[in-house]
Amino acid sequence: MTKTNLEFKTEVKQLLDLMIHSLYSHKEIFLRELISNASDAIDRARYEALTNPGIMENEGEWKIKIIADKKAGTLTVSDNGIGMTRDEIIEALGTIARSGTREFLAALQSKELKDNPELIGQFGVGFYSSFMVADRVTVITRKAGLKGTGVKWESSADGFYTVEDVEKERKGTDVILHLKEDEKKYLEEWEIRRIVRRYSDYIEHPIVMDVEREKDSTLKKGEKVKIKEEETLNSRKAIWLKDKSQITQEEYNEFYKHISHDFSDPARVIHFKAEGTSEFTALLYIPSKAPLDIFFKDFEIGPTLYVKRVQIMEHCEQLIPRYLRFIRGVVDSSDLPLNISREMLQSNRQVEIINKNITRKVLDTLADMKKNEYDKYVSFYREFGRVLKEGIHLDFSRKETIADLLLFESTKKSPGEYTTLQAYVDNMPKDQKEIYYIVGTSRDEAASSPYLEAFREKGYEVLIMLDEIDDFIMGGLQEYKGKKIKSVIKGDISLDKSAESEKKDARKKFKELIELIKYELKDEVKDVRLSGRLKDTACCLVGEEGDPDPHMEKILKAMGQNIPARKRILEINPSHPLFEAMKGVFEKDPKSMMLQEYIRLLYDQALLLEGSKPRDPAAFANAVTRLMVKNAEEAASVQS
Ligand code: ADP
């Protein structure tokens, strides 16, 4: 195939633009990214060789070679890993093949990113960081098993790249950077050594470079000769196998950045060795920032799995429950077979034990953070609380443990401050028997909701929940320390037992009016009753316990789920003067048109209060303005 000119996808163009003009001060990390890609490529080739030995060409040791050519001004990172086919390289280096590309684009445009170039790392920009130091990049690659034909990819980051078939003798990939004039320092031996040692020391494969050394001549005694020798620059010790006391925080952080592509330091490191029924070492990280795609279905979860130092797969999801999917890291097992496949992992007992162990360790660490590093925990919770909460639903056996890790806004806390279920229960007045929560779209809206009137009067705290999944989560939790958890907009609420007899009288008094409302709204609501939760507002709609919250219902509908229409209950406030007045009209003329209109308006108001729309907004607005006119005319006529 001849040389083809291809255009980068929009998101790559934008990314490249950012790279070329990058103000990022640690440009040297481009080398870490290229070495990391080379190392991944070798891991994949080695795994392939284990499972499919036929296709591998035997050409000696796996290695990554760095070649600095001062004359040509090029720096090459060469590996004998898996390589790429023509199609693969177009996919890998012409697009950004990841979920959440739209968010990614939006983030690229954001001012935050322009001001903090460090943030680019969290998107896994890897290869493209080469353009921070090079004005042209050439990649020559050949897929393992495809003898002969290789591909040459080249770009000057001007929106286009070319691909053409070339001969390449050995499998693997050479990435050749044509360095910018003022980035030539990366050709210096000491500079390359320094960067490799700083960022890539723990890479398991040798990273080699030809270095010139003066040696005693074997021909002439006393004379020195210059010879070139291949030298390994990295110590190659897997960091997770080192003793904790031998690892500095900086080394931990660098390793985290290597595996996560995140540029920020992790919030917490969890490094432990398990012995007994299952022998494994885990080096896990709690990140400090959530990746953009963490809520996407195809977000890849799980630590990298090694078996006796051989990488088996990245993102081994069987090792971790979904609700801890923010955890990054590596697990190195001594018990699993090297040729374990994804299918085998699913029902493997060792894997189950590792999963249980990791889960306990992570939850313990979070509990410890919450207790001893509260501010740090709050930052963690803001990033990942929504994910962690899913555990209430997904992990029945650890429901209480996870519940203890949850933070809540509440009517008794200022915005941005949190309480916990334990603190809530500890602060409950003696006569309060249950835990109450309200779901809303904003704190202000939730805190001023009429559904809270009776709670406010009693001085009861109400948890404010703003995540879409909260109603679902609280429904799953059901109770905490023997106290039932109740939504303030569901079920019958009667906080004041002493008011029961009053309620009975009111029921009698308004019996006929309630019957009329029930009749008029028979297609909309399943019942009309007196409210125990309203003090100042005339009416509201409530669900039965177990019904989904209206917010949740809307979200499910928007997601295209078929939600059966669920009638709710209209609660009216018997102490509101409106009902006294309506009763007066009813006694005069039970068929009054005015009453009928009022009943419709009541229902529409109740819809507004729960955050829904009136059934016919135009008719609702018309009715309200008509009443306003009437009222204003009356006021005017009284004055004149
Ligand atoms: P990431 O490594 O995060 O996927 P990169 O932009 O660094 O992002 O690389 C994109 C893809 O290009 C990789 O996922 C891989 O498929 C391919 N790639 C990059 N470098 C190499 C290499 N040296 N050998 C084989 N494939 C590579």
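So, how was this worked out
Residues numbered from 1 in each chain as written. Predicted model: local features only at pLDDT ≥ 70, side-chain atom pairs only at ≥ 80, totals over all residues. Heavy atoms only, no water. Helix = DSSP H or I, 4+ residues; strand = E, 2+ residues; numbered from the N terminus. Rg over C-alpha atoms; globule rule 2.2 N^0.38 Å. Buried < 20%, exposed > 50% of the residue type's maximum accessible area, 1.4 Å probe, protein only. Contact = heavy atoms within 4.5 Å. Areas by Shrake-Rupley, 256 points an atom, 1.4 Å probe, with all protein chains shown as cover. Lys, Arg positive; Asp, Glu negative; His and termini not counted. Charge placed at Lys NZ, Arg CZ, Asp CG, Glu CD. Near = heavy atom within 4 Å. Polar contact = N/O pair within 3.5 Å; in protein donor to acceptor, adjacent residues only side chain to side chain. Domains from an automatic or database assignment. Buried area = accessible area lost by both parts, 1.4 Å probe. Salt bridge = Lys/Arg side-chain N within 4 Å of Asp/Glu carboxyl O. 1 Å grid on protein atoms, 1.4 Å probe; cavity = no way out; pocket = protein on both sides within 12 Å on 5 of 7 lines; lining within 4 Å. Points joined across faces, edges and corners; volume = space filled by probe spheres on them. Nonpolar A, V, L, I, M, F, W, Y, C, P; charged D, E, K, R; others polar. Axes fitted to C-alpha atoms, helices over the stretch in contact; angles between N-to-C directions. Parallel < 35°, antiparallel > 145°, perpendicular 65-115°, else oblique. Pairing = 2+ DSSP bridges. Core = buried A, V, L, I, M, F, W, Y, C linked by side-chain atoms within 4.5 Å.

When helices and strands are counted, the chain shows 21 helices and 22 strands. Whereas a compact globule of 640 residues would reach a radius of gyration of roughly 26 Å, the chain reaches 33 Å, over 25% beyond that. For the chain, with 640 residues in total, the buried portion stands at 51%. A separation of at least 24 residues holds for 71% of the contacts in the chain among residues at least 6 apart in sequence. When the accessible area of the chain is evaluated, it comes to approximately 31700 Å², of which 49% is carbon and sulfur surface. One finds the centroid of the 103 positive side-chain charges in the chain at a distance of 2 Å from the centroid of its 112 negative side-chain charges.

What follows covers unusual backbone geometry. Residues apart from glycine generally show negative phi values, whereas peptide bonds are mostly found in trans. In this model, Arg236 sits at a positive phi of 65 degrees, which is unusual for a non-glycine residue. By the secondary structure assignment, Arg236 is in the loop between β9 (224-232) and α7 (249-260).

Close to the ligand lie 13 residues, the nearest being Asn37, Ala41, Asp79, Ala92 and Phe127. Within the side chain of Asp79, an N or O atom sits 2.9 Å from a nitrogen atom of the ligand. Of all the secondary-structure elements, those providing two or more residues to the shell around the ligand are α2 (29-51) and α3 (86-94). A per-element tally of the shell around the ligand places α2 first, with three residues.

Next up on the list: the domain arrangement of the chain. Note: interface size is frequently given as the accessible area lost on complex formation between the parts. By the assigned domains, the chain splits into domain 1 (4-232), domain 2 (239-375), domain 3 (408-487) and domain 4 (509-543 + 563-639). Placing a centre on the C-alpha atoms of domain 3 and another on those of domain 4 gives a separation of 28 Å. Taken together, the five residues of domain 3 in the interface contact 11 residues of domain 4. For the pair domain 3 and domain 4, the summed buried area comes to about 760 Å², and 56% of that belongs to carbon and sulfur atoms. Along the contact surface separating domain 3 from domain 4 lie one salt bridge. One salt bridge in this structure joins Glu457 and Lys535, with 3.8 Å as the shortest N-O distance. The tally of links between domain 3 and domain 4 comes to five residue pairs in polar contact (both at pLDDT 80 or more).

Its volume calculated, the second largest pocket comes out at about 560 Å³. In terms of lining residues, the second largest pocket is bounded by 18 residues, among which Phe295, Glu390, Ile469, Phe472 and Met559 are the most central. For the lining of the second largest pocket, the secondary structure elements donating two or more residues are α10 (374-394), α15 (470-477) and α18 (550-558). The greatest single-element share of the lining of the second largest pocket, amounting to four residues, is contributed by α10. For the lining of the second largest pocket, the residue count by class is 10 nonpolar, two polar and six charged.

The tally for this structure, following the rule as stated, stands at 52 salt bridges. The salt bridge involving Glu231 is made with Arg213; its shortest N-O contact spans 3.5 Å. Of this pair, Glu231 sits in strand β9 while Arg213 sits in strand β8 (residues 207-216); the two residues are 18 residues apart in sequence, bridging distant segments of the chain. The shortest N-O distance in the salt bridge between Lys526 and Glu544 comes to 3.0 Å. Of this pair, Lys526 sits in strand β20 (residues 525-530) while Glu544 is found in the loop between β21 (539-542) and α18, placing the two residues 18 residues apart along the sequence.

What follows covers the packing of helix α17 (residues 511-520) against helix α19 (residues 577-588). Direction vectors running N to C along α17 and α19 enclose 85 degrees, while the axes themselves pass 10 Å from each other. Considered as vectors, α17 and α19 are oriented roughly perpendicular to each other. Listed contacts from α19 to Glu512, Leu513, Leu516 and Ile517 of α17 are Phe579, Met582, Lys583 and Phe586. The residue makeup of the contact of α17 with α19, split by class, is six nonpolar, no polar and two charged.

What follows concerns the pairing of strand β11 (residues 280-286). Burial analysis of β11 places seven of its seven residues in the buried class, the great majority of the element. Side chains Phe280, Ala282, Leu284 and Ile286 project from β11 onto one buried face, and the interleaved Thr281, Leu283 and Tyr285 project onto a second face that is buried too. Of the strand pairs in this sheet, β11 and strand β14 (residues 328-333) are connected by six bridges, and their pairing is antiparallel. Opposite Leu284, over in β14, you have Gly329 as the bridge partner.

This part covers α18. Side chains that are three or four residues apart share a direction in an α-helix, a result of its 3.6 residues per turn. Those residues of α18 lying buried are Pro550, His551, Met552, Glu553 and Leu556. Where α18 terminates, the next one or two residues include Gly560, which has phi positive at roughly 85 degrees.

All right, on to the nonpolar core then. In summary, soluble globular proteins display a tendency toward joint burial of nonpolar side chains. In this structure, Leu366, Phe380, Leu388 and Leu570 are the most contacted members of the largest nonpolar core, which totals 106 residues. In terms of residue count, the dominant contributor to this core is α10 (eight residues). Counting 60 residues, the second-largest nonpolar core is a separate cluster that includes Ile35, Met84, Ala157 and Tyr199.

Pairing within the open sheet is mixed, and its three strands lie in the order β20-β22-β21. Each having just a single partner strand, β20 and β21 make up the two edges of the open sheet. Taking each pair of neighbouring strands and ignoring which way they run, the sheet shows an average axis angle of 25 degrees. As paired elements, β20 and strand β22 (residues 568-572) share five bridges and run parallel to each other. Its bridge partner being in β22, Leu530 is matched across the sheet by Ile572. The sheet contacts of α17 involve β20 and β22, and relative to β20 the element is tilted by about 160 degrees.

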